[in-house]
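One-letter residues, chain by chain:
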Amino acid sequence: MLNRLFNKDSHERDDGLAPVAKVSELGYGKLKRVLVKGQPVVLTLLEGQTEQGQYNVVAFSAICPHALGDLAQGWLTKEEVDCPVHYYRFNIRSGECAYPKGGPKLRTYPVTIEGNTVLIKIEKPKWMDHTEE
Ligand code: FES
């Protein structure tokens, strides 16, 4: 059952990229939660463009690495998100914990933009891997 749920999303492409949202669904500084391979991910659109001239979309885990707070309910300031539970602060590009220094690292995901579509590649966590070898 878990294999069917988490091995490959129905909309995941052969290259492992999964379309997760349209750029037009994202707002500057707004946090949008999506579910990818059973994992909650937060998307946000930042000002400016990437070096490749694409929309500046960032993706990171919605699960706070401190104590599982919901970062989709957090506050975004430029490129940092504050967790609403204990107010840890994370850089949403690097995942580094900005406050307190040396705190746990936030999981981030590379984003690909094709036209108006946001795609991310996400590996399922090891604990979800129940495939027989
Ligand atoms: S759960 Fe996020 S800071 Fe504690």
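Residues numbered from 1 in each chain as written. Predicted model: local features only at pLDDT ≥ 70, side-chain atom pairs only at ≥ 80, totals over all residues.

*Asks:* Account for the sheet that holds strand 11 (residues 117–121), naming residues and giving values.
*Replies:* A sheet is described by the order of its strands in space; here 3 strands give the open sequence 1-11-10, paired in antiparallel fashion. The two strands at the open ends of the sheet, each matched to only one other strand, are strand 1 (17–22) and strand 10 (111–114). Strand-to-strand twist of the sheet, defined as the mean angle between neighbouring strand axes without regard to direction, takes the value 35 degrees. For strand 10 and strand 11, the ladder comprises 4 bridges, and the chain directions are antiparallel. By the bridge assignment, valine 111 is partnered in strand 11 with isoleucine 120. (Pairing = 2+ DSSP bridges. Helix = DSSP H or I, 4+ residues; strand = E, 2+ residues; numbered from the N terminus. Axes fitted to C-alpha atoms, helices over the stretch in contact; angles between N-to-C directions.)

*Asks:* Break down the sheet that holds strand 2 (residues 32–36) for me, citing the residues and quoting the values.
*Replies:* Reading across the sheet, the 4 strands line up as 2-3-4-9 and stay open at both edges, with antiparallel pairing between neighbours. Strands at the two margins of the open sheet, each flanked by one partner only, are strand 2 and strand 9 (108–109). By the bridge criterion, 7 bridges tie strand 3 (residues 39–49) to strand 4 (residues 55–61) in an arrangement that is antiparallel. Bridge assignment links leucine 45 to a residue of strand 4, and that residue is valine 57.

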